Amino acid sequence: LFNSCMIQIMKEKLIEDCAEHNEFTHVCMDATIRIARQIKGQEDYRASKESPMQATVDDNAALRRVLTIRGRTGAVLLMKMVRGEAAKDVCDLCERELLKRIRNTITSVASDQPSSVLLSELKVCFPKLVFLSLDPVHLVIVYHEAFWRRKNQGETLLRKTQAKVNGNSETFSPDHWGPV
């Protein structure tokens, strides 16, 4: 169904509309494991490495994560299976799946594991990339783990602040937070 010609045409038009409205100047990348754990034919990522492989798909070829790339307002630009979250895997997928015109509009990326290696790889893939940051969703998670997984006043304040910034109000005009 998702690969039907009509759906693909609609998807391409939506992505073009989003690109015209600068949706993809800032993107968030995240890969999840849970969805891909039960794929038939490949071993679970937690399976013992010492036991003989019973899987049809070779461990080196297994696609263990679903990478999602979302724009500024949450519009999904890409959702594809990927081998891992290594910088090379992510960049290879982006170069293969994203149009060059869209890759040239991306100036900032938020990730759950920002690193200098990821930044250098992404700069090749996204020529206008200025910076890489920690994904705001994972900011609270990292803060929580930094304090030995104990809830404290700082975490509560951070969650309230994020809820306030992420909240919508019909009384605010699109220019309320400043020019885009």
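Calculation notes
Residues numbered from 1 in each chain as written. Predicted model: local features only at pLDDT ≥ 70, side-chain atom pairs only at ≥ 80, totals over all residues. Heavy atoms only, no water. Helix = DSSP H or I, 4+ residues; strand = E, 2+ residues; numbered from the N terminus. Buried < 20%, exposed > 50% of the residue type's maximum accessible area, 1.4 Å probe, protein only. Contact = heavy atoms within 4.5 Å. Polar contact = N/O pair within 3.5 Å; in protein donor to acceptor, adjacent residues only side chain to side chain. Lys, Arg positive; Asp, Glu negative; His and termini not counted. Salt bridge = Lys/Arg side-chain N within 4 Å of Asp/Glu carboxyl O. Pairing = 2+ DSSP bridges. Core = buried A, V, L, I, M, F, W, Y, C linked by side-chain atoms within 4.5 Å. Axes fitted to C-alpha atoms, helices over the stretch in contact; angles between N-to-C directions.

So, about the overall build of the protein chain. A count of helices and strands for the protein chain gives 6 helices and 5 strands. Tracing the protein chain from N to C terminus, the helices and strands come up as α-β-β-β-α-α-β-α-β-α-α. In the protein chain, which comprises 180 residues, the proportion classed as buried is 27%. For the protein chain, restricting intrachain contacts to residue pairs at least 6 apart in sequence, the fraction spanning at least 24 positions comes to 48%.

In an α-helix, one turn spans 3.6 residues; hence positions three or four apart end up facing the same way. Of the residues flanking the start of helix α5 (residues 136-146), the one acting as N-cap is Asp-135, its side-chain oxygen 3.1 Å from the backbone nitrogen of Val-137. Positive phi appears at Trp-148, one or two residues downstream of α5, with a value of about 55 degrees.

On to the side chain of Glu-23, then. Within the element layout of this structure, Glu-23 appears in the loop between α1 (5-20) and β1 (26-32). Salt bridges are absent for the buried Glu-23, whose nearest opposite-charge side chain, Arg-72, sits at 4.9 Å. Within the structure, Glu-23 has its side chain in polar contact with the backbone nitrogen of Ala-75 (distance 3.4 Å).

Attention now goes to the pairing of strand β4 (residues 108-111). Side chains Ser-108 and Ala-110 project from β4 onto one buried face, and the interleaved Val-109 and Ser-111 project onto a second face that is buried too. Of the strand pairs in this sheet, β1 and β4 are connected by 4 bridges, and their pairing is parallel. Its bridge partner being in β4, Met-29 is matched across the sheet by Ser-111. Across 4 bridges, the pairing between β4 and strand β5 (residues 131-134) is parallel. Across the sheet, Val-109 pairs through a bridge with Leu-132, a residue of β5.

The next point concerns the nonpolar core. One finds Met-29, Ile-69, Cys-94, Val-109, Leu-122 and Phe-126 to be the most contacted residues of the largest nonpolar core, which totals 26 residues. Going through the elements one at a time, α1, β1, β2 (65-70), β3 (76-82), α2 (87-97) and α4 (116-125) are the ones with two or more residues in this core. A per-element tally of this core places α2 first, with 5 residues. When residues no more than four places from it in sequence are discounted, the contact partners of Phe-126 are Met-29, Cys-94, Leu-98, Arg-103, Ile-106 and Val-109.

Glancing now at the sheet that holds β5. The strand order β3-β2-β1-β4-β5 describes an open sheet built from 5 strands, whose pairing is mixed. Looking at which strands have only one partner, the edges of the open sheet turn out to be β3 and β5. Pairwise comparison of adjacent strand axes, ignoring direction, gives a mean angle of 20 degrees for this sheet. The strands touched by α2 are β1, β2 and β3; relative to β3, the strand with the most contacts, the crossing angle is about 125 degrees. In this fold α5 packs onto β1, β4 and β5, with an angle of close to 50 degrees to the strand it touches most, β5.

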